[in-house]
Amino acid sequence: MVSPSPFGEIDFDTLASGVRGNHRCVLLRLHLVLADHVCAAGHILKTIILGQMLSLFICGTAVTSQYLAEQFQVNTPMFQSFINYSLLLLVYTTMLAFRTGSDNLWHILKQRWWKYVFLGLADVEANYMIVKAYQYTTLTSVQLLDCFGIPVLMALSWFVLRARYRLIHFLAVAVCLLGVGTMVGADILAGRQDSEGSDVVIGDVLVLLGASLYAISNVSEEYIVKNLSRVEFLGMVGLFGTIISGLQLAIVEHREIMRIPWNWKIALLFTVFALCMFGLYSFMPVVIKVTSATSVNLGILTADLYSLFFGLFLFFYKFSGLYILSFVIIMVGFILYCSTPTRTAEPTALPQAGSTGLDNAGLKLEENDSETPAVTVQFPREEAVVVSTE
């Protein structure tokens, strides 16, 4: 339909078609934005669920260890770690042994065996130091100082993994640490701070060293899982962890093992501990691959709270509403951290010989622009037109 107007003839069909096209474009943009928000919300929910599954595994190891210590006077952290590393060896190192090509066990050992020796040593000693610290310092100190691993982990991720954080990430970490402080306050009010310990300074140093070694292990795990493979990480940690923990076990815990009053209850507790620890080690690389080591460590801060909830029934702990508050605060900080993804800095390319370098790149472009010659085009009617490439 065409209608005359002071501005000429107007084709209303064409105009309506254009309006409909713009309307579709707006709807499409809204759909894409909505889909993006739904995808982000789904990723956050997935991260929360995965993180809490890891917390439950850690809770299982803590509860079984405490039950062994309080009910049967069994304190064998290195023996318990040895069982876990042996399971990793049997499952994942065996898988590597039957692989072919560059993923084969022998090829990996030839290429980077010494790196996995240090990784296995860091992982074994981190587990041992944290458990050993309970003999010297208080539960409160262990819970607070164990959080030292998070800033160490962020610093290592910055330099090793080139992770770049935003202000919201630092605020989220602060919120999570506030939740831990609330949990420690609830422990003190509930009378769970225990005794002063035999040597607080030694215990605190052990916690700080253990937290730092955990950070090194987690950053290495993230790098290996995202750049190599999950099976390689678990297989190598299982191999060297078994060797290192076995040697240390023979030196420091052989007497404690001989004194264990074995029965079906103790055997069941060791089995549950081993399965929880094996599940934690097997499942954590999966979570780290879709998130990050820092995100995982923030998510598992709730593990102590799950242990406390179980302790209400098993060890008759006193309940405090601050436990619920601390759980909510930690989860808010965790969600806040996951709401904004971190960036990865691109590696800076070194300038080649004879090149201007990165710092002078903009200046060189300006020089090229100023030196660009004009192009003269000659048409058949002998009219010259000057065209600048600017």
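Everything below is about the structure printed above this text.
Reference entry: report on the structure contained in this document. Every value quoted in this text rests on a predicted model; they were computed, and no experiment measured them.

1. A few points about the overall build of the protein chain
What the protein chain contains, in helices and strands, is 14 helices and six strands. In the protein chain, the proportion of contacts linking residues at least 24 apart, taken out of those at least 6 apart, comes to 82%. In the form shown here, the protein chain has an accessible surface area of approximately 22,200 Å², with 67% of it arising from carbon and sulfur atoms.

2. Observations concerning the pattern of salt bridges
Under the criterion given, the structure shown has three salt bridges. A salt bridge links arginine 112 to glutamate 232; the nearest nitrogen and oxygen atoms lie 2.8 Å apart. Separated by 120 residues along the polypeptide, arginine 112 in helix 3 (residues 105-133) and glutamate 232 in helix 8 (residues 230-252) bring together distant segments of the chain. Take arginine 112 and glutamate 232: they sit in the same class, and that class is buried. Put simply, glutamate 256 and arginine 259 hold a salt bridge, and the shortest N to O gap is 4.0 Å. For glutamate 256, a relative accessible area of 30% corresponds to the partly exposed category. Overall, the relative accessible area of 58% leaves arginine 259 in the exposed class.

3. So, the packing of helix 6 (residues 167-189) against helix 13 (residues 321-338)
In contact at an axis separation of 8 Å, helix 6 and helix 13 are set at 165° when each is read in the N-to-C sense. Put simply, helix 6 runs roughly antiparallel to helix 13. Crossing geometry of helix 6 relative to helix 13 is assigned as left-handed. Of the residues assigned to the contact of helix 6 with helix 13, the class counts are 18 nonpolar, six polar and one charged.

4. Details of the environment of methionine 236
Secondary-structure assignment places methionine 236 in helix 8. For the pair formed by methionine 236 and tryptophan 113, sequence separation is 123 residues and the distance between their alpha carbons is 8.4 Å. In this view, methionine 236 contacts Leu96, Leu105, Ile108, Leu109, Tyr116 and Gly241; residues no more than four positions away in its chain are not counted.

5. What to know about the layout of surface pockets
Within this model, the second largest pocket holds a volume of roughly 530 Å³. What lines the second largest pocket is a set of 25 residues, among which Glu222, Lys226, Thr291, Ser292 and Thr342 lie closest to the centre. Counting only elements with at least two residues in the lining of the second largest pocket, the list comes to helix 1 (12-72), helix 5 (149-160), helix 7 (200-227), helix 11 (293-299) and helix 13. Considering only residue class, the lining of the second largest pocket consists of 11 nonpolar, 12 polar and two charged.

6. Quick notes on a nonpolar patch on the surface
Taken together, the side chains of Leu56, Phe310, Phe313 and Leu314 present a nonpolar region at the surface, about 420 Å² in accessible area. Considering the arrangement of structural elements, one finds phenylalanine 310 in helix 12 (residues 303-314).

7. A look at the side chain of glutamate 125
Considering the arrangement of structural elements, one finds glutamate 125 in helix 3. In this structure the side chain of glutamate 125 is engaged in a polar contact, spanning 3.5 Å, whose partner is the side chain of glutamine 248. Sequence-distant contacts of glutamate 125, defined by excluding residues within four places in its chain, comprise Leu213, Ile244 and Gln248.

8. Description of the side chain of serine 282
One can find serine 282 in helix 10 (residues 264-290). Overall, serine 282 belongs to the buried group, its relative accessible area being 8%. At a separation of 2.8 Å, a polar atom in the side chain of serine 282 contacts the main-chain carbonyl oxygen of phenylalanine 278.

9. Digging into unusual backbone geometry
We note that glutamine 73 has phi near 55°; this positive angle belongs to a residue other than glycine. Within the secondary structure, glutamine 73 is located in the loop between helix 1 and helix 2 (77-97). Given the relative accessible area of 59%, glutamine 73 is considered exposed. Phi angles above zero are rare outside glycine, and arginine 162 is one such case at about 60°. Relative to the assigned elements, arginine 162 resides in the loop between helix 5 and strand 3 (163-164). On the basis of relative accessible area, arginine 162 is assigned to the partly exposed category, the value being 35%.

10. Comments concerning helix 5
Spanning 12 residues, helix 5 covers 16 Å between terminal C-alpha atoms, matching the ideal 16 Å at 1.5 Å per step. Buried-residue contacts for helix 5 involve strand 3, helix 6, helix 7 and helix 11. Just past helix 5, the residue arginine 162 takes up positive phi, approximately 60°.

11. Here we look at helix 2
For an α-helix, the turn length of 3.6 residues means that residues three or four places apart are oriented alike. Helix length check: helix 2, at 21 residues, gives a terminal C-alpha distance of 29 Å against a target of 30 Å (1.5 Å per residue), a fit within 8%. Remark: the principal bend of helix 2, roughly 35°, maps to leucine 89. Three or more residues of helix 2 are buried, namely Pro77, Met78, Phe79, Gln80, Ser81, Asn84, Tyr85, Ser86, Leu88, Tyr92, Thr93 and Leu96.

12. A short note on the state of the cysteines
A complete count under the given rule lists zero disulfides for this structure. Among the cysteines around cysteine 276, which has no disulfide bond, cysteine 59 carries the closest sulfur, lying 8.2 Å off. Here cysteine 338 is not disulfide-linked; the sulfur of cysteine 176 is the nearest cysteine sulfur, at 8.8 Å.

13. Some thoughts on the environment of isoleucine 83
With respect to the helices and strands, the residue isoleucine 83 is situated in helix 2. Looking at isoleucine 83, the relative accessible area reads 24%, which means it is partly exposed. As for isoleucine 83 and leucine 275, which are separated by 192 residues in sequence, their C-alpha atoms are 9.6 Å apart.

Quick notes on the rules
Residues numbered from 1 in each chain as written. Predicted model: local features only at pLDDT ≥ 70, side-chain atom pairs only at ≥ 80, totals over all residues. Heavy atoms only, no water. Helix = DSSP H or I, 4+ residues; strand = E, 2+ residues; numbered from the N terminus. Contact = heavy atoms within 4.5 Å. Areas by Shrake-Rupley, 256 points an atom, 1.4 Å probe, with all protein chains shown as cover. Salt bridge = Lys/Arg side-chain N within 4 Å of Asp/Glu carboxyl O. Buried < 20%, exposed > 50% of the residue type's maximum accessible area, 1.4 Å probe, protein only. Axes fitted to C-alpha atoms, helices over the stretch in contact; angles between N-to-C directions. Parallel < 35°, antiparallel > 145°, perpendicular 65-115°, else oblique. Left-handed = near helix turned anticlockwise from the far one by under 90°. Nonpolar A, V, L, I, M, F, W, Y, C, P; charged D, E, K, R; others polar. 1 Å grid on protein atoms, 1.4 Å probe; cavity = no way out; pocket = protein on both sides within 12 Å on 5 of 7 lines; lining within 4 Å. Points joined across faces, edges and corners; volume = space filled by probe spheres on them. Patch = residues over 30% accessible without salt bridge, like charges linked within 9 Å, V, L, I, M, F, W, Y side chains within 5 Å. Polar contact = N/O pair within 3.5 Å; in protein donor to acceptor, adjacent residues only side chain to side chain. Expected span 1.5 Å × (residues − 1). Bend = angle between axes of the 7 residues up to and from the residue. Disulfide = S-S within 2.5 Å.

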